[in-house]
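Breakdown of the fold
Each chain, letter by letter, is given below.
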Amino acid sequence: MIKGFDEHVRKSFERLSSKLYSIENIWQNDGYEWAGDWEGRALLAFVCLYEITGEKIPCMDKMLEEFPLRLNEKGYLGAVQKGVADEQQLSGHSWLLRGLTEYFKVFKTQKSLDIARGVVEGLFLPLVDLYEKYPTERADSSEGGVSGNSKETVDGWKLSTDVGCAYMCLDGLSAYYEITGDERVKTAVNRLIDGFMRLDRLKMKCQTHATLSATRGIIRMYKATGERGYLEKAEELFGLYTRCGMTLTYENFNWFERKDSWTEPCAVVDSFIVAVWLFEITKNQEYKTLASRIWFNGLLFCHRENGGAGPNSCVTAEQPYLKISMYEAPFCCTMRYCEGLLFAKNYESVVETSNEITSDEYGRIFIGNEMLALSEDGAFENVETVVVGGTTYIKIPTLVKDTSAKLKVVGLR
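The notes below deal with the structure included here. Note that the structure is predicted; figures quoted are calculated from it, not measured.

Here the focus is the pairing of strand S8 (residues 385-388). The two faces of S8 differ: Val-386 and Val-388 on one face are buried, but Thr-385 and Val-387 on the other face are not. Relative to strand S9 (residues 391-395), S8 is paired through four bridges, and the arrangement is antiparallel. Among the inter-strand pairings, Val-386 is bridged to a residue of S9, identified as Tyr-393. Counting the residues that bridge the hairpin from S8 to S9 gives two residues, and of these Gly-389 lies at a positive phi of roughly 60 degrees.

The final tally for this structure, using the stated rule, is 16 aromatic pairs. Relative to Trp-157, the ring of Tyr-131 has its centre 4.9 Å away and its plane inclined at 80 degrees; by these criteria the two rings are edge-to-face. Note that Tyr-131 is positioned in the loop between helix H5 (110-127) and strand S2 (150-154) and Trp-157 in strand S3 (residues 157-160), a separation of 26 residues in sequence. Accessibility expressed as a relative area gives 8% for Tyr-131, which makes it buried. Under the relative-accessibility criterion, Trp-157 is labelled buried at 0%. Residues Phe-272 and Trp-295 carry aromatic rings whose centres are separated by 5.8 Å and whose planes lie at 40 degrees to one another, so their mutual orientation is tilted. One end of the pair, Phe-272, is in helix H11 (residues 265-282); the other, Trp-295, is in helix H12 (residues 285-302), and 23 residues separate them in sequence. Each member of the pair, Phe-272 together with Trp-295, is buried.

For the rest of this paragraph, the subject is the sheet that holds S3. If you walk across this open sheet you meet the three strands as S1-S3-S2, and the pairing is mixed. The open sheet terminates on both sides in strands that have one partner only, identified here as strand S1 (85-86) and S2. Both S2 and S3 contribute to a ladder of three bridges, which runs antiparallel. Each bridged residue has a counterpart across the sheet, and for Val-154 the counterpart in S3 is Trp-157.

Of the pockets and cavities examined, the largest pocket occupies roughly 580 Å³. Glu-381, Asn-382, Pro-397, Thr-398 and Leu-399 are the residues nearest the centre of the largest pocket, which is lined by 27 residues in total. Contributions of two or more residues to the lining of the largest pocket are made by helix H1 (5-16), H12 and strand S7 (370-377). A total of four residues in the lining of the largest pocket trace back to one element, the largest contributor, which is H12. The class makeup of the residues in the lining of the largest pocket is twelve nonpolar, five polar and ten charged.

As for its placement among the helices and strands, Thr-334 is situated in helix H13 (residues 333-346). Looking at Thr-334, its side chain comes within polar contact range of the main-chain nitrogen of Ala-309, at 3.1 Å. Ignoring sequence-local partners within four residues, the contact set of Thr-334 consists of Arg-15, Leu-16, Tyr-21, Gly-307, Gly-308, Ala-309, Glu-328 and Ala-329.

So, on to the nonpolar core. Where a protein is soluble and globular, its nonpolar side chains tend to be buried together. Ile-26, Phe-46, Phe-272 and Trp-295 are the most contacted members of the largest nonpolar core, which totals 140 residues. Here the element with the most residues in this core is H11; it accounts for twelve residues. With residues near it in sequence (within four places) discarded, Trp-295 still touches Ile-2, Phe-5, Phe-272, Leu-300, Gly-340, Leu-341, Ala-344 and Val-351.

Turning next to H13. Counted at 1.5 Å a residue, the expected span for H13 with its 14 residues is 20 Å, and the 20 Å between its end C-alpha atoms agrees. A large share of H13 lies buried, amounting to twelve of its 14 residues. Of the surrounding secondary structure, the elements contacted by the buried residues of H13 are H1, helix H2 (37-53), helix H4 (87-107), helix H9 (208-225), H11 and H12.

Conventions and cut-offs
Residues numbered from 1 in each chain as written. Predicted model: local features only at pLDDT ≥ 70, side-chain atom pairs only at ≥ 80, totals over all residues. Heavy atoms only, no water. Buried < 20%, exposed > 50% of the residue type's maximum accessible area, 1.4 Å probe, protein only. Helix = DSSP H or I, 4+ residues; strand = E, 2+ residues; numbered from the N terminus. Pairing = 2+ DSSP bridges. Phe/Tyr/Trp six-rings, centres within 6.5 Å; stacked < 30°, edge-to-face > 60°. 1 Å grid on protein atoms, 1.4 Å probe; cavity = no way out; pocket = protein on both sides within 12 Å on 5 of 7 lines; lining within 4 Å. Points joined across faces, edges and corners; volume = space filled by probe spheres on them. Nonpolar A, V, L, I, M, F, W, Y, C, P; charged D, E, K, R; others polar. Polar contact = N/O pair within 3.5 Å; in protein donor to acceptor, adjacent residues only side chain to side chain. Contact = heavy atoms within 4.5 Å. Core = buried A, V, L, I, M, F, W, Y, C linked by side-chain atoms within 4.5 Å. Expected span 1.5 Å × (residues − 1).

So, in C-alpha cells, the structure goes:
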C-alpha cells in the first residue's frame, strides 16, 4: 500500500460527500460557461471513489435518475448549437462522456450508455466538420483565469482562453469508442487527432491540461485498437509536455510558454495517467520514474487538508519557490484528483521510492523519487526530514493547511 494513501482517499471521499456536491447543487445553471463540465467531472469522481472504496456517494445514482430532466432536445446540456462550436461546451461534454462511460463500465447500466450515445449523436458528430476550421491564430496575451472563460467567435468557433480545449473531447470520445466500437466515432476521432497534431502548441500557448487529456484519449485508442500510430503520436505529445510544459516539481504550466502562470492538479493527474500508461505499454523505465515523481512531488502537494485540490506556483530554475497559488479549485481539480487516486491504487507498483540520495543539474535533491526542499516561510505539519551533507531538508509535504508556507526546491547546493 502506498504510504498515506488511505488518508488521501478518506479526505477526498468526505469532500465529495459534502453539500457542494449534493444533488441539490450538482446541476449548474443555464448560464454556466462550461456546460457538462462540472456534472461530468463529478460523476467521474463519484465512480472512481466507488471503485476504490466500494462505497457510493448518494449523489451518484441520483444524477442518473435526473439526467432526462436536464438534457436539451438534442440530448446534451446547455444551449443547442446551430452551426457554431462552443469550445468550452465540447470540452465539458468530454467529461460528461467520461463520467457516463465509467459508470457504464462499472455498473453496466444501459441508461448511462444511452445518455452518452445521445451526447455523441446530438453534439459531437454534427460538429466534426467544423474542426477543419479550428482557429490557430491566437492573440499573444496573458488572458485567462483558473477556470477559463469564453472569448470571441471566429470561423464558427466560440473560443476559450483555455486554448485548445476543444480537443479535450478526444478523451471522452475514445472512452465511448472503447465500449461501443462505433466506426463513425473512430473516423471522427482520427480526423480530430490529425488536426490536433498539426497545431503549433507552443506558438498558440495551448493549455497543457487540454493537451494531456487529448493525449490520454489517443493512448486509449491505441489500447482499444493496437494501431501503433496512436502510440507514436502520444509519445510525441508527452515528450513535448515533459520538455516544455512541466515544472521542476513535476506539476504543469497552465499554458505552454507561460511560466508565470500556475499549476493545475487536473493536468497533473493527466500527466500521471499518461506516464503510467506509457510505462505499462512500452516498459520504458523513464516513464515509470516520471510517474512516481509526479505522484510524490506533483500530486501530493496539490491535495489540501479539506480533501480538495488546488493550483500551486510554477517552479522553475528562475523561480525556485513552491507555494499554494489557490487553496482549492472545487469546480474541477477537487473532482479530477479522484481519478489520480484510482490510478495510484490500480498501478501501486509503479509508485515507488527508495533511500538512494541523488541530485541533478537543477540542484534538486531526491531520496528515491521524493524531492527534498528547504522551508522558507510558514510551517508545514507532519513533515519528514532528511539530513544531507549536514543540512536538514524536508520532503514535499501533503494535505497542506498553511497557505502562506513556502518551500525552496531548486538551487539547493
